[in-house]
Amino acid sequence: MTVPATTATTATTATTASANLTPLVDTTAFPEAVDGEVRAAHRLYEHLIGMWAPGVIEAAQDLGAFAALTVGPATAAQLAEVLDTDLRATRVLLDGLYAYDVVERSRGEDGQAVYTLPAELHGVFAPDGLFSLAGKIGHDRNVAWNAWRRLAENVRSGARTAEGAQQLNQISEEDYTSLVRGINFWAPPITRSLAGALRELGWTTGRSATLLDVGCGTGIYSHLLLREFPELTARGLDAERIIPIATRQATQLGVAERFQGETVDFWSEDWGSGTDLALFVNIFHLQTPESARELLLKAVKGLTEDGVIAIADHIVDEDGGEGSVQNKFFRLFAASMLATGGGDAFTVHDYDQWLADAGLRRIGLLDTPMHRVLLARRS
């Protein structure tokens, strides 16, 4: 049984995307006589000020404002006292957060504005939250802000090595450690869709199988799949400083007995055999076409006869609607890869070629938020 290549798990065309979650240009206020160039300038300006959002959010995180608001609602004066910040500037920052729908704003009995951090965001800003964005914010502060300033230079040079070859996207181990803890929130919809596809392929709750999670990061994808399939066991491969994070999280999520983290060099060491599901999440966009092909050649060596390879990444489907929300995000993600030194958002056709070179064929393509999941088996 194959999974239809057009299976979609989320609607991507039901709503119209804006430059910001909260539109900042009231287009209904334009007089009818205003020409198209003026309207276009307003629209592009809204894109250009997109940097304001991470600016206010990350400043609030740096100052400890979210941690303070997790304790309870506060006025600007109360928060300024706790944070030892300037009162007026604290009020301006809080109002900026309110404009981006990060905090709620109401009036107290004395007429002062009271700011509340919604309950669903408490864990999002907590460093130890399962779906925290604190690591992503740290990555932005350490890497992304400066990297985007070099984008024009990388476009001129192609972000190539001194020998002229395309290069992998490689950040320091410290920055990788920070980032990997800040993108767990991607996992639940991906693993839920993947689990559904595996069930369509004949996987049952009681099936005994082995999962190999290549570049497992925190292990969140393995851990959630272990919850979906109680007889599944998983091996997670990653760098030495990352594996302890994955091991601790496996304990936190109650799957430690079935998860084994291993420090492995992807390129020089063997991955083992007997793999029923080889999982690659956000690994291929960091590669060159040559290294992407090599990853699949290595993966297929340890795959069982009816084993499945699942790739969750920013995969462009040129046949699936060029203007889709998914494809637009993936192309922007490719620009972020270029800014930080390498990698790309590869197309379905790219993957099909690499799969064919490894003796594999695509059997499914699933839409999930900000990702597509490609499924493959031996030809």
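Refer to the preceding data block for the structure.
In this report, we go over the structure that sits alongside the text. (Residues numbered from 1 in each chain as written. Predicted model: local features only at pLDDT ≥ 70, side-chain atom pairs only at ≥ 80, totals over all residues. Heavy atoms only, no water.)

## A short note on the nonpolar core
By size, the foremost hydrophobic cluster in this structure holds 40 residues, and its most contacted members are Leu194, Tyr221, Leu225, Leu232, Leu277, Leu279 and Leu375. A per-element tally of this core places helix 10 (residues 187-200) first, with six residues. Excluding its chain neighbours within four sequence positions, the residues that come into contact with Tyr221 are Ile183, Trp186, Ala187, Ile190, Thr191, Asp213, Leu279, Val281 and Asn282. Of all hydrophobic cores here, the second largest spans 29 residues; its members include Val214, Phe266, Ala299 and Leu365. (Core = buried A, V, L, I, M, F, W, Y, C linked by side-chain atoms within 4.5 Å. Buried < 20%, exposed > 50% of the residue type's maximum accessible area, 1.4 Å probe, protein only. Helix = DSSP H or I, 4+ residues; strand = E, 2+ residues; numbered from the N terminus. Contact = heavy atoms within 4.5 Å.)

## Concerning the pattern of salt bridges
Considering all chains together, one arrives at nine salt bridges under this definition. A salt bridge links Lys136 to Asp140; the shortest N-O distance between them is 2.9 Å. Taken together, the positions of Lys136 and Asp140, both in helix 7 (residues 134-149) and four residues apart, correspond to about one turn of that helix. A relative accessible area of 33% means that Lys136 is categorised as partly exposed. The shortest N-O distance in the salt bridge between Glu228 and Arg199 comes to 2.8 Å. Here Glu228 is found in helix 11 (residues 220-228), whereas its partner Arg199 is found in helix 10, with 29 residues between them in sequence. One salt-bridge network, held together by shared partners, links Glu58, Asp62 and Arg141. (Salt bridge = Lys/Arg side-chain N within 4 Å of Asp/Glu carboxyl O.)

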